[in-house]
Amino acid sequence: MRTTAQRAPAGPAAPAEPGRAAGIAMMLGSGVSNQTGAALGATAFDVLGPAGVVAVRQWVAAAVLLAIGRPRVRSFTWAQWWPVLLLAAVYATMNLSLYTAIDRIGLGLAVTLEFLGPLAVALSGSRRALDLGCAAVAAAGVVALSRPQPTTDYVGIGLGLLAAACWASYILLNRSVGRRLPGVAGTAAAAGMSGLLFVPVGVVVLLSHPPTPAALWCAAAAGVLSSAVPFLTDVLALRRVPAHFFGVFMSVNPVVAALAGLLFLDQTPEAIEWLAITAIVTANAISTWRG
């Protein structure tokens, strides 16, 4: 929010506040890191399977974030604990459903469906016609990317939609955690709890699918790039920008996912998919410029 202590003369709009600019940079970095990590994690599916990759990812993220945040959990009140516990459950479910969807329908489509979550936050939270218009343009791009085909995997699509519901909850819960706990203490605690949830699952999967060093490295990289980095940057970004603005801007993720799939997984988007990606980028650019 800009201050209005002195009326500015007519002319070009004043530049965005440093806090807003920093929030935008954090969101963009979060998207690039997240989708690069997802692509690297997908390369380990043949060895570990989606559940194994997610388990390793959650453990690495928990270790990194607990070392950084060092939450004093014994001092948490119930008002601080309940959003942390919900965030941990949502985060674990989101990652497992997303990675299983990636295994079935590919990185670009899975992430595009997941984006419906933040898009819903954008539509429900905004009161400006411009934001609603940008969200509508981004939604049109999402529809083009996820158009039904004869070979459509409806289970994969359902898992992508589940990830979308979890991502919408993640945005709102992360904001609540950031308000109730200082620094990244709440984020670190949620990551630790999420890692604990995957201990039994990970043990069973890794015993039945003996890991290779390369597969473990890719899964660990996914933990850092797709969990630790976005977890930290998102909670900090949500202290600088409104939740609905965060939701609109996060439509950059399908774009980055398509590029990551092209670079790391040899998944080439079709012409109509590139057009949809262009629409999504345009919506983000307008929303950011006029925000």
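Residues numbered from 1 in each chain as written. Predicted model: local features only at pLDDT ≥ 70, side-chain atom pairs only at ≥ 80, totals over all residues. Heavy atoms only, no water.

**Section: the packing of aromatic side chains**
Taken as a whole, this structure holds three aromatic pairs when the rule is applied. With centroids separated by 6.0 Å and ring planes inclined at 65°, the aromatic side chains of Phe45 and Tyr99 adopt a geometry described as edge-to-face. Here the residue Phe45 occupies a position in helix H2 (residues 45-69), and Tyr99 occupies one in helix H3 (residues 78-105), the gap between them amounting to 54 residues. Using a relative accessible area of 9% as the deciding quantity, one classes Phe45 as buried. We classify Tyr99 as buried; its relative accessible area is 0%. (Phe/Tyr/Trp six-rings, centres within 6.5 Å; stacked < 30°, edge-to-face > 60°. Helix = DSSP H or I, 4+ residues; strand = E, 2+ residues; numbered from the N terminus. Buried < 20%, exposed > 50% of the residue type's maximum accessible area, 1.4 Å probe, protein only.)

**Side note on the packing of H2 against H3**
Running from amino to carboxyl end, H2 crosses H3 at an angle of 160°, the nearest separation of the two axes being 9 Å. Classified by the interaxial angle, the pair formed by H2 and H3 is roughly antiparallel. Helix-helix and strand crossings are classified by hand; for H2 and H3 the assignment is right-handed. Across from Phe45, Pro50, Ala51, Val53, Val54, Arg57 and Gln58 in H2, the residues of H3 making contact are Tyr91, Ala92, Asn95, Leu96, Tyr99, Thr100, Ile102 and Asp103. (Axes fitted to C-alpha atoms, helices over the stretch in contact; angles between N-to-C directions. Parallel < 35°, antiparallel > 145°, perpendicular 65-115°, else oblique. Left-handed = near helix turned anticlockwise from the far one by under 90°. Contact = heavy atoms within 4.5 Å.)

**Focus: the UniProt feature "transmembrane region" (unreviewed entry) in the protein chain**
Under the feature "transmembrane region" (unreviewed entry), the UniProt entry names residues 47-69, 81-99, 105-123, 154-173, 185-208, 214-233 and 245-265. Span residues 47-69 is 100% helix and 0% strand, its end C-alpha atoms 32 Å apart. As annotated, residues 214-233 has a helix share of 100% and a strand share of 0%, and its two end C-alpha atoms lie 27 Å apart. (UniProt positions renumbered as here; feature names shortened; annotations may be inferred.)

**Details of the confidence of the model for the protein chain**
Mean pLDDT for the protein chain: 80, with 88% of residues reaching 70 or above. Mean pLDDT per element in the protein chain: helix H11 (residues 243-249) is the minimum at 71, and H3 is the maximum at 89. In the model, residues 1-15 has pLDDT below 50 throughout and makes six contacts with residues more than four positions away in sequence or in other chains. (pLDDT = per-residue confidence, 0-100.)

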